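If you want the building blocks of each chain, they are given just below.
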Amino acid sequence: MKPIKDIKILTIILIVLLAGCSDDFLKEESKSELTTTTFFKNDAEAKLAVNGLYMLLHQDGLYRNVGLDRFYLMGGDEVGTNRAEDNETYNYTWNASTAYVYDTYKALYEVIRNADLFISSIEGNENVSESVQNQAIGEALFIRALMYWHLTNIWGDVPYFRELLSIDELSTIERTDKELIREEMRNDLDRAYNLLPASYPASDLGRATKWAATALKAKYFMMEENWAGTLAECKKLIQSPNHRLLDNFADVFDQKDSYNQYNDEIIFAVDFFGRDAIDDVFKQSRQNWYNPRIDKDEPLRRNEPGVSAAFKQALNERNEWMAGYGKMIPLPELARAENWEDGDLRYSETIIQEYLGFELQYPYFKKMWNLDQENHARHNSSVNYVVFRMADIYLMAAEAENELNGPGEAYEYVNAVRARAFNPDKPWSGLSKEEFRTKMYDERKFELCGEAYRKLDLWRWGILIETIRNTEQRPHNNPASNISEKHLKYPLPEEEIILNPNLLNTDATNNGWQ
Amino acid sequence: MKTKKFEYLMVFIFGIVFSFQGFAQEKTINGTISDDQGFPLPGVTVIIKGTTMGTASDVDGNYSLKNVPADAVLTFSFVGMKTKELAVTNETNFNVVMETDAIGLEEVVAIGYGVTKKRDLVSSVTSVDSEVLENQPTPRIDQAMQGRAAGVSVTSTSGAPGAAATVRIRGTNSVKGNNSPLYVIDGFIAGSDFDLNTLNVNDVKSIEVLKDATALSIYGTRGAAGVILITTKSGKRISGGKPNISFNHYTTVQTIANNYEVLTGQDYLDYMNEASQFIPGPNGFGYTDTSLPLEFPAGGNYANTDWIGLVKQNGVINNTDVSVSGGSNNMNYYVSFNRFDQKGVIKNSGLERYSLRVNLDMDISDKVRSGIRMSIADINQENNKVEWDQTVNRLLSIRPVYNEDGTYNGINPKSGREERNPVADINLRQDNRNTKKFVGNSYLEYEPISGLRLKSTVGTSLTDFRENQYLPGELPERMVYQLGGSATVTQNRYRSILNENTITFSKELNDHRITALAGATWQKDVAETSGMSASGFVNDAVGYNNISLGSEQSTYIMNTGYVQRTFASLLARLDYSYRGKYLVTLVGRRDGSSVFEEGNKYAFFPSLGLAWNLHEEDFMKSVDAISSLKLRTSYGIVGDQGVSPYNSLATFTGTYNYFNQNLFNAIIIGDLPSSNLSWETTKQFDLGMDLALLNGRINVEADFYKKNTTDLLLERKVPGTVGNNQLQNIGEIENKGIDLNIRTMNVSKPDFFWETTLVLSANRNKVVDLGGVDWIQLDEAVDASANGGYMRLIVGETVPTFYGVTYLGTYKNQEEIIADGWEGKGFIGGPRFDDVNNDGELTEADRKVLGSPEPDFQGGLRNVLSYKGFTFDMFFQFTYGNEILNRSRETSLFGKNEFNLSTEVRNRWIEGVNESSDIPRAGTSQGAFFPPSSIWVEDASFLRLKQVTVSYDLPTSKIGFEKVIKSANIYLTGNNLFLLSNFSQGDPEVSYLGTESLAQGLYYGQYPYTRSFVAGIKLNF
């Protein structure tokens, strides 16, 4: 071989090598990630997806750590705080740039995006058996409808999508009329009702049943003041063999045994009791704002000699502690027994102002607190979040029946709830339609206070502003001077509007806020 | 496609192998080489010009070279000497005298994919000699490089054996991407995460730091953070020479430097007693109520535990190197063995390394050379078991080590909560890791005609990593809940395969010299990770060694992962020089990477450099004072692929949900996939000067640079209907600065020599754009408990910037409290902050810039004196103008119930005693959550006497050992002997969050730094 020839050959080879940068070599193949395009190949994968939707309900902005509570619970005429914190909520100084408003908005849409993708991927997927399809789609439809229920309650018209749109489409989406959303969601709930079972074995408690779908549909009708619809759905529930009013009011909230939180009155709850097997701590738990703070607040006479120590010892003996926040406590008027109807047994199960013989500085919601230490540390409340329960359904039925036909048939429902509240019984009778309606304002308060129903009730009755203005507050709160007409709807978050100006296309005022 | 490529490669390789050629016309030349003092010079390279054929002189300076063509020119070269050329005549014996070259223009400097002479260097490259790295009491070169190279900032993060340092070349470029330099070891691209513990410092021959665009753009997308080229030692070709056997051993004793004192004993009790009697009082201005009971009444029996004393010990390092090197006419070798064994200054921590290296080069024929660089390391690390930040910041002296029943105490006596016990940690925790690393890089080089070289390399790096951790059930914090033991095992494997093929062509034609390089490379990196854990062990007998025995099955967690990255690149460089005066370098690399999306895989990184050797000009010849002067400038583009693999794929994330206490697996949609991401682009301009004065007595290398990194990868907010954030190419950071290296030969006499080197770097960093937002919080993910945060990226400020409210000292009277509107919250003797907008709250509006960890300048100063056989080497290292954020101030100065305090509180505000103090009164801050403030920020400037070495060359000939021992040297080194600093807690060199974090400069108590004394001996046989 001559050197010159070698060079030619080698140069050619090298050029081929240089040019041979193979595209295959640079192709990115993921072996350890689940790509969305390679999923939903069997029943098990469909089930994983649905489980994920329930997990997402545990986001801070939703049912965990006082997310939705800021919209439904805090700042009404029943719940206040023991100190000047969370002022935006309690004083009605929230606005379009309030961070928690945006957190909840984002959390709701995260659930919706997941539900959209899961529904469209599972529906008609030949790799997934029909029974699993039905179950999965039923649950996803319910959860999505629950998210749009919150969205339409809080903001009215909102961006609405039923399948996962592209990033571009979602970035430029406009608001949709809430009436349309509600109608389609009710249709989805009809479907969910048909797809879902009436009950689950113990290992699956916490999943949505057809009764959860029914309750949510009743709620939708109620928001639309479609009383016939409300009544029909409530009647279905009342006739359901799976749910009933418990005989004893206190039993509904009995969380002493964390392992046994589900009872017949509960229609749907978000499950917060999961223990981490590795470190034996709660993995699926929420903050507890109903519980008192020891030392800082309680007991009342903690600065007197020996009181604090004796109190702590008494708690310790019961394996209890007051390691909470004290930021969701009854407002003064609700706490006063004289404001309740004589003989209402619910009062002493609802309000507590003295514990183990020690006077407390503040009243607390006895039905909502849980001092148990083993299953209920400060940040780690294992108590489930009850979303729908039967007493609410009975009272809704009563209200709807009264609105439709007057009190005649409505007594039956309200008196079923009152039967366990009074001994001897004090049923309602002989009321006018108007009297029935107004008395219901209080009945719902005494039955459901502290449970995140009240603010929405006041809103739909149109008495939110006047009620807030006439409610006695603790000295550090003054919502009366701040609340106005515009607070009846939340503004879409300011940052969201900056990122997607199309949200102003249908309403340039952003619910009257700009 | 892949196999086809492989075939081409084989043809290429075999093509080279089968084309060996003979040579005609040969004769043998020999002679002796000596220096200008008349001493024989061993190891001088003798090469037939234009070929790779050559040899090196032996111990007596003799050389012999066969097969020399009759018309050949021989070049004689040696580091520190001027290269000589001699034309072969009829003679066969040439004795050569080499002249010292103070300017070092003939020094060979490694650059990417080749070497060049300093004279011809266009780029900005800093060389670090191996002599400054040798025998440092650390297993890592990053530590050893501190203060040695201009433009390179090395910050220790921890004194733990084997802890990495933060290395930044010319500042911080990237937010989400990489800021650590790329390590290239003997041509093998080992990555920026290369574990430097696996490289024996004493095997390193030289380190080159590539800094400017022409040096870096040959590394394309991996060059933006700078490149560190490491060249390991090789044997010398000495015809007929004997192997050189070298033995080196040192022993180091280490103690904790800058001991930090915490509040103990009566001082602590006094403070807490004072706090217990402080109340807001009836008027709300603060009041001492002496009727309240003392927390620690006199006469009580209170524990007074010296936690630091219980966990520290004297550290010891033993390091042994044995190497054999040598060569013959057609091959050379270097084989070394190293054992490094360190016992840390905290009990039960340490590192032991065994490493073996084989470096081999051989001529297969006149035209074909081959060789390999290979190292194997086995490292056992006993991880630190103690949370040092807990030991110095949180543990209370009143907490006993043991309970009355002899078990370990695990409860903080103030909070009543469970807390780790460092003595139990040391005695009970098991935590160790083993790393095995093989790096091998082989080459085949073919030179068909003079000046044309074809080179192909195949290299691989294999890493096997295992970490074992066991927390026995006996640990007090686990005993509280009866959790039983818990074991975690992590086992990862990494492999990287690199093939590089280059053609180099050099030609000299009259006044023109041209060198051209072209190449193609492929690299594939694969990481396979796995981990498992189990707990509920009923006894502690087997732990991680038998993870399923005795543990609870319900606690098992397993995970595995697989990540692959591939690169395919083309590269080229053209060097042109006219009469050695005008130098031009053109560099380009076309890089392809798997982490980017289809259609976006490739990018091109070009650069251009110009240099002018002024001293070669006639008009400069008359200026005697200037012995050499070169001006350099360059501009170019380098990239960084800050994207993690699989970022553009839409994926699901695994999660779980409980239904009625039953665990179910689940999935949700993962992070938003990115789209159309590209490289972060760094455009860098460099203007430099190399100046030698007075015949090389004074050498100055100075560079000014300015670089702008654009297309920064940042999370951009997207509407809530879309998701949370999406990674996009937005944002810009600017770095500009000066690198300065001044070396002066103060005295250069035969038996007295004094040299001074000053290294100085000044970088100015600025955030130009963050994609539309004004600032990004850096600490919220790592330190959610700091009220409002303290570390940010702010447009217009340095990366990172400390941020917070201004601390004004203590309230001295009621009037000040009233004036501030702080009644009920501010107390006399309590802390006072600048409430800028007077709204009675400390909010965002009250915060401002408080400092930055970026120094105004930093560097090192080295003096070497040698007299006869003695050498004295003294090295100072310094930084100036940087700040530190002392995270412990919140509790150590203000007092929080369950945390310990600094001894500075002895000088606190005390009613009627010390009312001028600005350290708050005891009890005024308990239960308060003050935001980060200016008192957390401290001056971090320092001057450190980093190293003093005295070494002595034993006169072997005088004691009659010269037949056996060629040379013997003993040395004594002291490290970190002296520190000048204003920092309240010892050593201000901190980076609590590690080397990769942007949030540098955070102090919260890292593994303590040491003061070391080294004694060693070096023998050559």
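Calculation rules
- Residues numbered from 1 in each chain as written.
- Chains lettered and ligands numbered in written order.
- Predicted model: local features only at pLDDT ≥ 70, side-chain atom pairs only at ≥ 80, totals over all residues.
- Heavy atoms only, no water.
- Helix = DSSP H or I, 4+ residues; strand = E, 2+ residues; numbered from the N terminus.
- Buried < 20%, exposed > 50% of the residue type's maximum accessible area, 1.4 Å probe, protein only.
- Areas by Shrake-Rupley, 256 points an atom, 1.4 Å probe, with all protein chains shown as cover.
- Lys, Arg positive; Asp, Glu negative; His and termini not counted.
- Charge placed at Lys NZ, Arg CZ, Asp CG, Glu CD.
- Rg over C-alpha atoms; globule rule 2.2 N^0.38 Å.
- Contact = heavy atoms within 4.5 Å.
- Pairing = 2+ DSSP bridges.
- Axes fitted to C-alpha atoms, helices over the stretch in contact; angles between N-to-C directions.
- UniProt positions renumbered as here; feature names shortened; annotations may be inferred.
- Core = buried A, V, L, I, M, F, W, Y, C linked by side-chain atoms within 4.5 Å.
- Domains from an automatic or database assignment.
- Salt bridge = Lys/Arg side-chain N within 4 Å of Asp/Glu carboxyl O.
- Expected span 1.5 Å × (residues − 1).
- Phe/Tyr/Trp six-rings, centres within 6.5 Å; stacked < 30°, edge-to-face > 60°.
- Lys NZ or Arg CZ within 6 Å of the ring centre and 35° of its normal.
- Parallel < 35°, antiparallel > 145°, perpendicular 65-115°, else oblique.
- Left-handed = near helix turned anticlockwise from the far one by under 90°.
- Nonpolar A, V, L, I, M, F, W, Y, C, P; charged D, E, K, R; others polar.
- Polar contact = N/O pair within 3.5 Å; in protein donor to acceptor, adjacent residues only side chain to side chain.

Check the secondary structure of chain A and you find 20 helices and eleven strands. Out of the 514 residues belonging to chain A, those deemed buried represent 61%. Carbon and sulfur atoms provide 47% of the accessible area of chain A, an area that totals close to 20000 Å². Each charge sign in chain A was given a centre, from 58 positive and 84 negative side chains, and these centres are 2 Å apart.

A separate point is the overall build of chain B. Assigned secondary structure in chain B consists of twelve helices and 53 strands. Computed over C-alpha atoms, the radius of gyration of chain B comes to 32 Å, within 12% of the 31 Å expected from 2.2 N^0.38 for 1021 residues, which places it in the range of a compact globule. Dimensions of chain B, computed from C-alpha atoms along their principal axes, come out at roughly 110 × 65 × 65 Å. Taken over 1021 residues, chain B has a buried fraction of 57%. Contacts in chain B between residues far apart in sequence, at least 24 positions, make up 68% of those at least 6 positions apart. Of note, chain B has its 93 positive side-chain charges centred 7 Å away from the centre of its 115 negative side-chain charges.

The subject of this paragraph is the sheet that holds strand 45 (residues 848-851) of chain B. All names here are of chain B. Taken together, the four strands give an open sheet; going across it, the order is 40-41-42-45, and neighbouring strands pair in antiparallel fashion. Here the strands that pair on one side only, and so sit at the sheet edges, are strand 40 (775-777) and strand 45. Across the sheet, the mean angle separating the axes of adjacent strands is 45° when strand polarity is ignored. The pairing of strand 41 (residues 791-794) with strand 42 (residues 801-804) spans two bridges and is antiparallel. Residue pairing across strands places Met-791 opposite Phe-802, the latter belonging to strand 42.

A few words now on the UniProt feature "domain: SusD-like N-terminal" (unreviewed entry) in chain A. Mapped onto this numbering, the UniProt entry annotates "domain: SusD-like N-terminal" (unreviewed entry) at residues 24-219 of chain A. Here residues 24-219 of chain A is 55% helix and 4% strand, with 56 Å between the C-alpha atoms at its ends.

Quick look at the nonpolar core now. Counting residues in each nonpolar core, the largest one holds 160 residues, and the members touching the most others are A:Tyr63, A:Phe142, A:Leu146, A:Tyr148, A:Trp155 and A:Phe268. In terms of residues, this core owes the most to one element, helix 7 (residues 130-155) of chain A, which gives 15 residues. Setting aside residues no more than four positions away along its own chain, A:Tyr63 makes contact with A:Leu57, A:Leu68, A:Leu146, A:His150, A:Val270, A:Phe272, A:Arg286, A:Tyr385 and A:Val387. If you look at the next biggest cluster of nonpolar residues, it comprises 48 residues, including B:Val154, B:Leu199, B:Leu210 and B:Leu216.

Before going further, it helps to examine the environment of A:Ala269. Residue and element names in this part refer to chain A. In this structure, Ala-269 sits in strand 5 (residues 266-270). For Ala-269, a relative accessible area of 4% gives the class buried. Expressed as a C-alpha distance, the spacing of Ala-269 and Val-386, which sit 117 residues apart in the sequence, is 4.2 Å.

Going from A:Asn423 to A:Pro424, the amide bond is cis rather than trans, its omega being 0°. Here A:Pro424 shows up in the loop between helix 16 (411-419) and helix 17 (433-448). Looking along the chain, the bond that leaves B:Val799 and enters B:Pro800 is cis, with omega of -15°. Residue placement: B:Pro800 occurs in the loop between strand 41 and strand 42. Phi at A:Asn319 is positive, roughly 55°, even though this residue is not glycine.

What follows deals with the domain arrangement of chain B. Domain boundaries in chain B define domain 1 (25-98), domain 2 (108-232) and domain 3 (311-773). Computed over C-alpha atoms only, the centres of domain 1 of chain B and domain 2 of chain B are separated by 34 Å.

Below, the discussion takes up the pattern of salt bridges. Residue and element names in this part refer to chain B. Throughout the structure, instances matching the rule amount to 98 salt bridges over all chains. Its salt-bridge partner being Arg-862, residue Asp-873 comes within 2.6 Å of it at the nearest N-O pair. Taken together, the residues span a long stretch of sequence, with Asp-873 in strand 47 (residues 870-880) and Arg-862 in strand 46 (residues 857-867) at a distance of eleven residues. In this pair, the class of Asp-873 matches that of Arg-862, namely buried.

Sheet strands pair by backbone hydrogen bonding; their relative direction is either parallel or antiparallel. Residues and elements named next belong to chain B. Strand order in this open sheet of five strands is 10-15-16-13-14, and the pairing throughout is mixed. The open sheet has two edge strands, strand 10 (125-129) and strand 14 (188-191), and neither has a second partner. Across the sheet, the mean angle separating the axes of adjacent strands is 25° when strand polarity is ignored. Examined bridge by bridge, strand 13 (residues 182-185) and strand 16 (residues 227-232) share four bridges and lie parallel to one another.

Residue and element names in this part refer to chain B. Inspection of the sheet shows strand 22 (residues 350-363) paired to strand 23 (residues 368-382) by 14 bridges, in the antiparallel sense. Looking at the pairing, Arg-353 lines up with Ile-379 of strand 23. As defined by bridge partners, strand 23 adjoins strand 24 (residues 430-446) across 15 bridges and the pair is classed as antiparallel. Bridge pairing in strand 24 places Gln-381 opposite Arg-433.

Before going further, it helps to spend a moment on the UniProt feature "domain: TonB-dependent receptor plug" (unreviewed entry) in chain B. Feature annotation in UniProt assigns "domain: TonB-dependent receptor plug" (unreviewed entry) to the following positions: residues 117-227 of chain B. Segment residues 117-227 of chain B splits into 11% helix and 29% strand. End C-alpha atoms: 19 Å apart.

The next thing to look at is helix 11 (residues 227-238) of chain A. All names here are of chain A. In this model, helix 11 (twelve residues) spans 16 Å end to end at C-alpha, consistent with the 16 Å of a helix rising 1.5 Å per residue. Within helix 11, the full set of buried residues consists of Trp-227, Gly-229, Thr-230, Leu-231, Glu-233, Cys-234, Leu-237 and Ile-238. Where helix 11 is buried, its residues touch helix 10 (210-223), strand 5, helix 15 (390-405), helix 16 and helix 18 (454-460).

It is worth spelling out helix 16 of chain A at this point. Three- or four-residue spacings in an α-helix give side chains the same orientation, since the helix completes a turn every 3.6 residues. For helix 16 of chain A, every residue scored as buried is listed here: A:Tyr411, A:Tyr413, A:Val414, A:Asn415, A:Val417 and A:Arg418. Close packing links the buried residues of helix 16 of chain A with helix 11, helix 14 (346-350), helix 15 and helix 17 of chain A.

Inspection of the entire model under this criterion finds 57 aromatic pairs over all chains. Pairing A:Phe249 with A:Phe253 gives two aromatic rings, centres 5.2 Å apart and planes at 65°, and the pair type is edge-to-face. Overall, the relative accessible area of 3% leaves A:Phe249 in the buried class. Through a chain of ring-to-ring contacts, three or more aromatic side chains come together here, namely A:Phe71, A:Tyr92, A:Trp94, A:Tyr100, A:Tyr102, A:Tyr105, A:Tyr109, A:Trp155, A:Phe161, A:Tyr490 and A:Trp513. Above the ring of A:Tyr193, the side-chain terminus of A:Lys236 is found at 4.2 Å from the ring centroid. Its end group placed over the ring of B:Phe567, B:Arg222 keeps NZ or CZ at 3.9 Å from the ring centre.

Now for the packing of helix 10 of chain A against helix 15 of chain A. Geometrically, a packed helix pair is captured by the angle between its two axes and the distance between the axes. All names here are of chain A. Contact pair helix 10 / helix 15: the axes reach a minimum separation of 11 Å and the direction vectors enclose 40°. With respect to each other, helix 10 and helix 15 are oriented oblique. Pair helix 10 / helix 15 crosses with left-handed handedness. Taken together, the residues of helix 15 that come into contact with helix 10 (itself represented by Ala-215, Ala-218, Lys-219 and Met-222) are Asp-392, Ile-393 and Met-396. Of the residues assigned to the contact of helix 10 with helix 15, the class counts are five nonpolar, no polar and two charged.

Here we take up the packing of helix 11 of chain A against helix 15 of chain A. Residue and element names in this part refer to chain A. Contact geometry of helix 11 with helix 15 gives a least axis separation of 8 Å together with a crossing angle of 140°. As the angle between them shows, helix 11 and helix 15 are arranged oblique. The hand of the helix 11/helix 15 crossing is left-handed. Across the interface between the two elements, Trp-227, Ala-228, Thr-230, Leu-231, Cys-234, Leu-237 and Ile-238 of helix 11 pack against Met-390, Ile-393, Tyr-394, Met-396, Ala-397, Glu-399, Ala-400, Glu-401, Glu-403 and Leu-404 of helix 15. Here the contact of helix 11 with helix 15 is built from residues that sort into 13 nonpolar, one polar and three charged.

Looking now at the side chain of A:Arg293. All names here are of chain A. Topologically, Arg-293 is positioned in the loop between strand 5 and helix 12 (307-317). Within the local environment of Arg-293, its side chain forms a polar contact with the side chain of Asp-297, the two groups lying 3.0 Å apart. Contact partners of Arg-293, with chain neighbours within four places excluded, come to Asn-82, Arg-83, Glu-298, Met-322, Gly-324, Tyr-325 and Gly-326.

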